[in-house]
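So the chains spell out like this:
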Amino acid sequence: MLYIFYTGNEKLQIESALMSSNFFKTFNAAPSAALFVSGTGTNAERLLRERANGLGANWTPVAIVSDRPTSRAKELSETFGVPLLEHDIFAFYRARGLDSISLATDEGMRTREAWTAELERRLAPFRPDFGILAGFVPLTNITASLPCLNVHPGDLTCEENGVRVLAGLHRLPVENALLRGHETLRSSVILAQPFTGGASDMDSGPVLGVSAPVSADLLGFALSDLQEAKRARIGKKVAEYRNDPLVRVAEANLQKLKENGDWVVFPRVVADFAANRFSMNGDGVLLYCGRPVRTVEYSADAPPRPIPLS
């Protein structure tokens, strides 16, 4: 069977000998998406602005979803004319007598499942085909019923003994990359997987795309300075080292990576995902335009570069 796909201005004709399936339950020419935000929403804003400028015009935003009233979700909703859905996670937990939204207890996990079920119920009328997790903090198993893309500040193809060594939250992936002596950083976009409570769930899922390398900046510190700062944290609380050299360097590089990594790779992966260019074969191998790949590298000034399986 002959499949015809488009990448940039190039037409690729691919004879597919593999049985594959895409990630949509049903595929529309312009699938709809819900954008999930918790804070400043800068990644969501970038996606919406890129779409308004033509990159990603093949998908339609149908809702901006937020788990907290302090986010910029309302502002983004008004600016881009996208309906707002607020589902305050803290209020939901407090109404059930819980002061923390932690998942460390069985009750916390059950409450998260109830919160997710309510979120799914309220989101259903918008009928999104997929979700975009653009700085959405709470772990939620909405990913079990809706394919969701998530951007991550680290190269998730970097593995040791089959383990993704740059997984983790917030600045941790950048810190780990710097401490390992990486001279460049990458952002990754994954198809997020349901959370079952295990450590292996963190940042799992197919790595659909990575950004082109972004140079790391140690701000004049030596690698040994950062390694010493890491050792000096032993036995201390976070508040006691929140301004150490490693934090300062990691925060600066996190922002640099967002602007030169997230904001490049995320809109482009979303556009390719909406165009149905990603799929999986029967062996669980990621396909891009019908061809097996490890992932795809995206840059601002070049066509997508499929990275073959090693």
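Here, every reference points to the structure presented above.
A brief structural summary. From a predicted model like this one, the values you see are computed outputs, not experimental measurements.

Notes on the nonpolar core
Part 1 of the reasoning: With 35 residues, the main nonpolar core has Trp59, Phe130, Ile132, Leu149, Phe266, Phe273 and Phe278 as its most contacted residues.
Part 2 of the reasoning: At six residues, the largest contribution of residues to this core is made by helix α8 (residues 245-274).
Part 3 of the reasoning: With 18 residues, the next largest nonpolar core counts Ala63, Val65, Leu85 and Leu133 among its residues.

A look at the packing of helix α1 (residues 42-52) against α8
Part 1 of the reasoning: α8 packs onto α1 with a crossing angle of 55° between their chain directions and a minimal axis gap of 10 Å. Looking at the two axes, α1 sits oblique to α8. Regarding α1 and α8, the two cross each other, and that crossing is right-handed. Every residue of α8 that contacts α1 at Thr42, Asn43, Arg46, Leu47 and Glu50 is listed here: Lys258, Asp262, Trp263, Phe266, Pro267, Arg268 and Val270.
Part 2 of the reasoning: The residue makeup of the contact of α1 with α8, split by class, is five nonpolar, two polar and five charged.

Some details on the pattern of salt bridges
Part 1 of the reasoning: Tallied over the entire structure, the rule returns 17 salt bridges.
Part 2 of the reasoning: Its salt-bridge partner being Asp67, residue Arg68 comes within 2.5 Å of it at the nearest N-O pair. Asp67 shares its class with Arg68; the two are buried.
Part 3 of the reasoning: Ionic pairing is found between Arg171 and Glu175, a salt bridge with its closest N-O pair at 2.7 Å. Judged on exposure class, the residue Arg171 and its partner Glu175 are both buried.
Part 4 of the reasoning: Here the salt bridges do not stand alone but share partners, grouping Arg171, Glu175, Arg233, Asp244 and Glu251 into one network.

Each value, and the rule that gives it
- Residues numbered from 1 in each chain as written.
- Predicted model: local features only at pLDDT ≥ 70, side-chain atom pairs only at ≥ 80, totals over all residues.
- Heavy atoms only, no water.
- Core = buried A, V, L, I, M, F, W, Y, C linked by side-chain atoms within 4.5 Å.
- Buried < 20%, exposed > 50% of the residue type's maximum accessible area, 1.4 Å probe, protein only.
- Helix = DSSP H or I, 4+ residues; strand = E, 2+ residues; numbered from the N terminus.
- Axes fitted to C-alpha atoms, helices over the stretch in contact; angles between N-to-C directions.
- Parallel < 35°, antiparallel > 145°, perpendicular 65-115°, else oblique.
- Left-handed = near helix turned anticlockwise from the far one by under 90°.
- Contact = heavy atoms within 4.5 Å.
- Nonpolar A, V, L, I, M, F, W, Y, C, P; charged D, E, K, R; others polar.
- Salt bridge = Lys/Arg side-chain N within 4 Å of Asp/Glu carboxyl O.

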